[in-house]
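Here's the letter readout for the chains.
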Amino acid sequence: MDPSASITIDDSLWPLLLVKFPRVFTNAQQEQYLSQLLTYLRRGERYVGVLDTHLLKNPSAEQRQRQADFIKEHEVLFRQCSLGTAGIVTSPLMALGARILIHLKPMPTPYYVASSLPAAVTWAADRLELAGLLAPAERVRRHFGLLAERRTG
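Here is a short report on the structure shown in this document. Worth saying up front: this structure is predicted, and the values here are computed from it rather than measured. (Residues numbered from 1 in each chain as written. Predicted model: local features only at pLDDT ≥ 70, side-chain atom pairs only at ≥ 80, totals over all residues. Heavy atoms only, no water.)

A word on the overall build of the chain
Put simply, the rule reads: Strands are runs of DSSP state E lasting at least two residues, helices are runs of H or I lasting at least four, and both sets are numbered from the N terminus onward. We call a residue buried when its accessible area falls under 20% of the maximum for its residue type, exposed when it is over 50%, and partly exposed in between, using a 1.4 Å probe and counting protein chains only. Two residues form a contact once any of their heavy atoms are found within 4.5 Å. For every accessible area listed, the method is Shrake-Rupley and the probe measures 1.4 Å; residues are considered covered only by the protein chains on display.
In terms of helices and strands, the chain carries six helices and five strands. Written out in order from the N terminus, the α and β elements of the chain read β-β-α-β-α-α-β-α-β-α-α. Each principal axis of the C-alpha distribution contributes one length, and for the chain these read about 60 × 30 × 30 Å. The proportion of buried residues among the 153 residues of the chain is 42%. Contacts spanning at least 24 positions in sequence make up 76% of the contacts within the chain whose residues lie at least 6 apart. Carbon and sulfur atoms make up 54% of the accessible area of the chain, which totals about 8700 Å².

Have a look at this one:
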């Protein structure tokens with residue numbers, strides 16, 4: 001299967017969890033993603049998520065409902081571990097889908113809708129910093145080239 005057709009999870013900058021969604025995904029792929037997400041939640045470690053949905057077409061009603069059910073089922077873990085989630089949403093249809101999902105089940109943690117990866121990562125790094133995770137916040141900013149240049153003198 002073409003890797004670009006899968007939901008990819010990148011934890012190489014943990015406690016930043018970057019999830020990229022393809023244009024469309026199957027219910028089985030969604031279940032695999034949710035299972036992996038539950039593994040992270042069960043670690044009990046604080047993290048921030050960035051969901052890159054810029055390629056994603058509108059998920060099915062069943063997929064939106066499954067996501068809402070998952071959030072509801074694991075709300076306590078989300079509140080304990082998640083510092084927030086930034087979603088990259090570039091289409092009006094996806095923005096509507098996000099509003100429907102949040103209406104079905106309000107997010108238990110802070111949520112930010114960004115129009116670009118740099119905006120989402122900046123927000124995520126700020127959330128890490130606010131939680132006292134200064135080194136990871138700086139590492140994330142450095143990785144994405146978002147460190148402000150320091151002036152001397």
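Moving on from the coordinates now.
Quick notes on the nonpolar core
This is how it is decided: Definition used in this section: a nonpolar core is a set of buried Ala, Val, Leu, Ile, Met, Phe, Trp, Tyr and Cys residues joined via side-chain atoms within 4.5 Å.
By size, the foremost hydrophobic cluster in this structure holds 21 residues, and its most contacted members are Phe21, Tyr33, Leu37 and Tyr47. Of all elements in the fold, only β2 (16-20), α1 (27-43), β3 (47-52), α2 (61-73) and α3 (75-81) reach the threshold of two or more residues within this core. Ranked by residues supplied to this core, first place goes to α1 with six residues. Those residues in contact with Phe21 that lie beyond four places of it in its chain are Ile7, Tyr33, Leu51, Asp52, Thr53, Leu55 and Leu56.

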